[in-house]
Amino acid sequence: MLGGRILGELIVALALVVLSFLIYTQSGDLPSMNESQLDAGSFPQFVAILLGGLSLILAIKQTIVLIKARKQNSETSIKQQLLYIVKEHQLVFITLALLFIYILAIQLIGFILSSILFIIVTAMVIGPRMKKSIVTVSSIAIILTISLYFFFQSVLQVRFPTGVFF
């Protein structure tokens, strides 16, 4: 199923092109703190341009490879290839779904609680599910989230969404 892997990489590349476009357009709205040429949105825009360019190169490369593979081997249907992609990249799709749920949860329940839950659930999906690892991951999630929260709040003066709990 070489075509399934190629098609999967093409889909991911196109999704990254769309994501980089969204990052570029949304980062222009970040507030500027001084009169310099570089403002808060300059670095995200640079990263978005780099991500978009590299993703576009990958998409073009994979499209060429996919066209060549289709000419050589056309007995597998698109449905079979999509099923193979979903089966082969199931963990990636679950992680992406958790990421989108996390983004929504930040607005509803706030940064601290949603970040702690996201780190724990994602670690349990990706890593081993032993009792010792749950305690370790939970401790790391709590310490990391609260440390980042206070660092950004106190030092960088960045406000996070509070949600209904905080």
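Residues numbered from 1 in each chain as written. Predicted model: local features only at pLDDT ≥ 70, side-chain atom pairs only at ≥ 80, totals over all residues. Heavy atoms only, no water.

A. Quick peek at a nonpolar patch on the surface. Judged by side-chain polarity, Val86, Val92, Phe93, Leu96, Leu99, Phe100 and Ile103 come together as a nonpolar surface patch covering roughly 610 Å² of accessible area. Among the elements that make up the nonpolar patch, the one with the highest residue count is helix 4 (residues 90-109) (six residues). (Patch = residues over 30% accessible without salt bridge, like charges linked within 9 Å, V, L, I, M, F, W, Y side chains within 5 Å. Areas by Shrake-Rupley, 256 points an atom, 1.4 Å probe, with all protein chains shown as cover. Salt bridge = Lys/Arg side-chain N within 4 Å of Asp/Glu carboxyl O. Helix = DSSP H or I, 4+ residues; strand = E, 2+ residues; numbered from the N terminus.)

B. Representation of the nonpolar core. Tyr102, Ile106, Phe111, Ile112, Ile116, Ile120, Met124, Val137, Ala141, Tyr149 and Phe160 together form the largest nonpolar core, which totals 11 residues. Mapped onto this core, the elements with two or more residues apiece are helix 4, helix 5 (111-126) and helix 6 (131-154). Among the elements that line this core, the one with the most residues is helix 5, at five residues. What isoleucine 120 contacts, discounting residues up to four positions off in sequence, is Val137, Ser138 and Ala141. (Core = buried A, V, L, I, M, F, W, Y, C linked by side-chain atoms within 4.5 Å. Buried < 20%, exposed > 50% of the residue type's maximum accessible area, 1.4 Å probe, protein only. Contact = heavy atoms within 4.5 Å.)

C. Layout of the confidence of the model for the protein chain. In this model, the protein chain carries a mean pLDDT of 78, and residues with pLDDT of at least 70 account for 81%. Confidence, expressed as mean pLDDT per element, reaches its minimum in the protein chain at helix 3 (residues 78-88) with 72 and its maximum at helix 5 with 87. (pLDDT = per-residue confidence, 0-100.)

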